[in-house]
Amino acid sequence: MKDSVSLYIHFPFCVRKCNYCSFYSVAYGDGEIFDKYTNAVIKRINSLPRHQVRTVYFGGGTPTVLGVERLNEILETVVKTQSLDQNAEITLEANPKTVKGNDFNILRDAGFNRLSLGFQSGDEDTLKLLGRIYGANDFYKCYDEAYKHFTNISVDIMFALPYDKSKGYSIKPLCETLEALTAMKVPHISAYSLILEEGTPLYRNKSSYAFPDENREEDEYTFICSYLSDEGYQHYEISSFSLPGFESRHNPIYWKRGSYIGIGPAAHSYYNNRRFSAPPDIDYFIKNADRPFLADTDYDFAKEITPDEAEKERIMLGLRTSDGVLLEREKLIIAEKLSEAGFGSLKGNVFSLNDKGFRVSNSVITLLI
Ligand code: SF4
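Residues numbered from 1 in each chain as written. Predicted model: local features only at pLDDT ≥ 70, side-chain atom pairs only at ≥ 80, totals over all residues. Heavy atoms only, no water.

1. Description of the domain arrangement of the chain
Interfaces are frequently sized by the accessible area removed from exposure as the parts join. Using the following cut-off: Note that domain bounds follow an automatic or database assignment of domains. Pairs of residues are marked as contacts when any of their non-hydrogen atoms sit within 4.5 Å. Two parts lose some accessible area (1.4 Å probe) when they are put together, and adding that loss for both gives the buried area.
Entries for the chain in the domain assignment read domain 1 (2-254) and domain 2 (307-368). A separation of 28 Å is found between the C-alpha centroids of domain 1 and domain 2. Between domain 1 and domain 2, the contact holds 11 residues from the first and 8 residues from the second. Of the roughly 900 Å² buried between domain 1 and domain 2, counting both surfaces, carbon and sulfur atoms make up 53%. For the domain 1 face of the interface with domain 2, the top three residues by lost area are Tyr221, Glu237 and Ile238, together amounting to 48%.

Structure representation (structure tokens):
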């Protein structure tokens, strides 16, 4: 049996495209394409060598648009063909309005043990502006149903969100979003700033809205960090906050340079010391599903990562986390200066960033690699 890996399975379908979204996903799909896609994913899983699997992540897109039967069939294939750790973390991403009450029960019975729910904001106007398919109450209802069957739930929120020019800027919607989630004692919260990507409807209509400037964006991030810290959340990675015991086990595989195999169009992998991906093309993925392991990706063209590149990755990814990174002597002098300037702390030879440091992590990383 091969070394241990994590699996990421991509589901590139959504009910409709959100106005800010540049991920590879399409807003179409019917039973026929979902069946074909499910069969293709199953073939790809069957082509994998047997590994010890530590974590499995069903992400998207919106995996739950495929319906619970198809998702369960895929998970069953993973269980049958791989050596899944007994306590493997098995996460499913879901959006309100794509899952019904009893679905959570069925998914939990099938072996999923963690949910990642999209929320983004508790403010109705903002949800409409973002083009989300649900309102705040739909989310709260969905969360309550989910929580009857899942205790390990993560919720995504966004900050630096656009707002109606005529109403002016206020931090109140963000404050209310956090108040609601912490009152519900949501075990894990991921907070991402909105990136205005070219080619999205939001980008095309950007002149219709106002966007928080850099200072406000920084204030919002600082506000999130201190609010969640006061509520007992640990800030264990730039964007990730958890109540004790609810840290994600899948994402740290990425940050610690563990091996993972991505299945599906646009899915990335890190395997055999190479980073590679599959073309962002659903038809290509389905047509090539019978090919041998990795033959539907650009694995053969990916170069092995050199020791120098590996060291840069270790520092870059490690600094995303509150565990920080072990540094060599010549870099400790820089780390010491960064600590004195209030961006992090140095314990022995391990340097980690704090909330202030996370905000400028790109610049800090440039200094240290
Ligand atoms: S649900 Fe997620 S992946 Fe789908 S369009 Fe919206 S942001 Fe993009």
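2. A few points about the environment of Phe112
Formally: Elements are defined by DSSP. Helices are runs of H or I of four residues or more, strands are runs of E of two residues or more, and each kind is numbered from the N terminus.
Here Phe112 lies in the loop between helix H3 (101-110) and strand E4 (114-120). Once the C-alpha coordinates of Phe112 and Ile90 are considered, the two residues, 22 residues apart in sequence, prove to be 5.0 Å apart.

3. Here's the deal with helix H6 (residues 172-183)
Applied cut-off: Expected span, for any helix, means 1.5 Å times one less than how many residues it has. Three exposure classes are used, based on accessible area relative to the maximum for each residue type with a 1.4 Å probe and protein chains only: buried under 20%, partly exposed in between, and exposed over 50%.
An ideal rise of 1.5 Å per residue puts 16 Å on 12 residues; H6 measures up with 16 Å between its terminal C-alpha atoms. Taken as a whole, H6 has its buried residues at Leu174, Cys175, Thr177, Leu178, Ala180, Leu181 and Thr182. Turning to H6, the residues buried within the fold contact E4, helix H5 (136-147), strand E5 (153-159), strand E7 (188-193) and helix H8 (214-230). At the C-terminal side of H6, Lys185 shows a positive phi close to 55 degrees.

4. Describing the side chain of Arg44
For the record, the criterion: N or O atoms closer than or at 3.5 Å make up a polar contact, with two conditions inside protein: a donor-capable atom paired with an acceptor-capable one, and, for residues adjacent in sequence, both atoms drawn from side chains.
Relative to the assigned elements, Arg44 resides in helix H1 (residues 31-47). For Arg44, a relative accessible area of 4% corresponds to the buried category. A distance of 3.0 Å separates the side chain of Arg44 from the side chain of Asp296, its partner in a polar contact. Sequence-distant contacts of Arg44, defined by excluding residues within four places in its chain, comprise Ile263, Phe285, Asn288, Ala289, Asp290, Arg291, Pro292, Phe293, Leu294, Ala295 and Asp296.

5. Things to note about the sheet that holds strand E16 (residues 350-353)
Put simply, the rule reads: A pair of strands counts as paired when DSSP detects no fewer than two bridges linking them. The axes are straight lines fitted to the C-alpha atoms, using for helices just the contacting stretch, and the angles between their N-to-C directions are given from 0 to 180°.
The strand order E14-E16-E15 describes an open sheet built from 3 strands, whose pairing is antiparallel. Either end of the sheet is taken by a strand with one partner, and the two such strands are strand E14 (325-326) and strand E15 (344-347). Both E14 and E16 contribute to a ladder of 2 bridges, which runs antiparallel. Directly across from Val325, in E16, lies its bridge partner Phe351. Packed on one face of the sheet, helix H12 (residues 329-340) meets E15 and E16 and runs near 130 degrees to E15.

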